Structures are given as structure tokens and as C-alpha cells.
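# Descriptive structure summary
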Amino acid sequence: MNYLIKILFVVICILQATTIYGQSILNQYDEQGNKHGQWIENDNVPGRKSICYYNHGKKDGVFYIYDYGQLSYVGKYDDDKSVSFSNFNRGVLMCDFYDFEYGNMQIGQLQFIGRCKCRTYHPNGVIAKQIIIYFDEGGPEMDTAYYPEIRYYDDNGYLCKVEYESVDDHVLSEASEVWYYDKAGNITKKESKK
């Protein structure tokens, strides 16, 4: 019993030392004046705080964003580029952005810096939409992003509709073509938006 109390005491001391040391190394700069290590920052959005890790001025690793104390985003950066992130609303997963690729991408007359995939979810947790997104500097959540294909699923997970957007339209509500499916995955109807 005495042995367990000693172990517990050592663990508590280590945890306290780690907490004290951890608090002293937040929001530090490297020798060149770049952000380095873990940072807690107030963003330009009222009520928003972010926790992220910097590697000599570049975001690198897992990040968390809180709005009024509730987790809104969790994601990961690699060399200052987003590689994945998830959006939450009051603890419920709303969407995932994943499989990021970066580079100059041109589709028709449109120029993009990257591409990713996105899944949104029904309130019951089943996938509602799957999207491929091409984006510019604003990122995949901005209005300037291009969605060549959106797959819609019902709340049981069955594919029910696919919208295809032409490069010329570049506005989702004016998608070039919409295909409808039955629960067996058969096309029941094709609509042209032109």
C-alpha cells in the first residue's frame, strides 16, 4: 500500500511539473522571431480562440478552434497547408474535409491552388453529401470554390442524386446536369439544367 502511495505521489508531481512547464512555453518565438511551439490565439472572429502548433513560423500539426468555449473545428496542418479538418456544431460532426492536394490546377479558364474531398452528415450521423472541391487561396469553404460533382445521400445512406457542374456555370445552383437514383443504385431520371 505504501508503495502505491509513493507511485501516486510521483505521478502527481510529474503532472504538476508538466502543467507548470507547459504553461510557460506557450506562445513562444524562435531565434528568427517566428512563432514556434504551441500557441493559443484570439482570432478575428468574436468569441473564437484557436490552439495550434507552429514549426518556425509555419502551422504544423493538430489544431483546435473553439467558438465561445465550444469545439468548432479540429484539423491538421503540414508545412503551413491544411491536410484535413472537421467542423462541429455543438459537439455534432457537421462535415469533414480530407485528401487535400496542392499545386496549380486549371479547369477551363478557372485557376485553383488545391483540391480536396468533403463529406457532410445528416443529424443521425449518416453521410448526406460527398463533394470534390477545387479551391483558391480562400480555401474549400469559400464561394469561389468549384464543385464538379456532388453526391447526395438520404438519411439511410442511399445515393439519391448526383449534380454535375460545368466549368462554364461555376455556380452550383446552375448545375449542368442532375441524375436521380433509386435505393438499388439505378438511375431513374436525368435532368439537364441548360
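Structure's up top.
Now for a description of the structure that goes with this document.

## Things to note about the state of the cysteines
Under the counting rule described, the total for this entry stands at zero disulfides. Cys 116 forms no disulfide, and the closest cysteine sulfur to it belongs to Cys 118, at a distance of 6.8 Å. Judged by relative accessible area, which is 0%, Cys 116 ranks as buried.

## Quick notes on the packing of aromatic side chains
What the rule picks out here adds up to 12 aromatic pairs. With 6.1 Å between their ring centres and 35 degrees between their planes, Tyr 134 and Tyr 146 make a pair best called tilted. On the criterion of sequence distance, the pair formed by Tyr 134 in strand E10 (residues 127-135) and Tyr 146 in strand E11 (residues 146-153) is long-range, its members being 12 residues apart. Under the relative-accessibility criterion, Tyr 134 is labelled buried at 13%. Grouped by ring-pair contacts, the aromatic residues Tyr 73, Phe 85, Phe 97, Phe 100, Tyr 102 and Phe 135 constitute a single cluster. Sitting over the ring of Trp 39, Lys 35 keeps its end group 4.8 Å from the ring centre. A cation over an aromatic ring shows up here: Arg 119 above the ring of Tyr 98, its NZ or CZ 4.1 Å from the ring centre.

## A short note on the nonpolar core
Judged by nonpolar contacts, the single largest core of 19 residues is most densely connected at Phe 63, Phe 85, Phe 97, Phe 100, Cys 116, Cys 118 and Ile 133. Looking at this core, the elements with two or more residues in it are strand E3 (48-55), strand E5 (61-67), strand E6 (70-78), strand E8 (92-107), strand E9 (110-121), E10 and E11. Setting aside chain neighbours within four positions, we find Cys 116 in contact with Phe 97, Tyr 98, Asp 99, Phe 100, Ile 131, Ile 132, Ile 133, Phe 135 and Pro 140. Membership of the second largest hydrophobic core comes to six residues, among which are Met 105, Leu 110, Phe 112 and Tyr 146.

What counts and what doesn't
- Numbering of residues starts from 1 in every chain and runs along the sequence as written.
- With pLDDT at 70 or above as the cut-off, local features in this predicted model cover only qualifying residues; side-chain atom pairs require 80 or more to be listed or tallied, and sums for whole chains, interfaces and linings still use all residues.
- Computation of side-chain values covers all heavy atoms of the structure but excludes hydrogens and water.
- Counting rule for disulfides: a pair of cysteine sulfur atoms within 2.5 Å.
- Any residue under 20% of the maximum accessible area for its type is buried, any over 50% is exposed, and the rest in between are partly exposed; the area is computed with a 1.4 Å probe on protein chains only.
- The rule is short: rings of Phe, Tyr and Trp, with Trp giving its six-membered ring, pair when the centres are within 6.5 Å, and they are stacked under 30 degrees, edge-to-face over 60, tilted in between.
- For helices the rule is a DSSP run of H or I covering at least 4 residues; for strands it is a run of E covering at least 2, with both sets numbered from the N terminus onward.
- Both a distance and an angle decide whether a charge sits over a ring: NZ of Lys or CZ of Arg must be within 6 Å of the ring centre and within 35 degrees of the ring normal.
- Buried Ala, Val, Leu, Ile, Met, Phe, Trp, Tyr and Cys residues form a nonpolar core when they are joined through side-chain atoms within 4.5 Å.
- Working rule for contacts: check all heavy atoms of both residues, and any pair within 4.5 Å makes them a contact.

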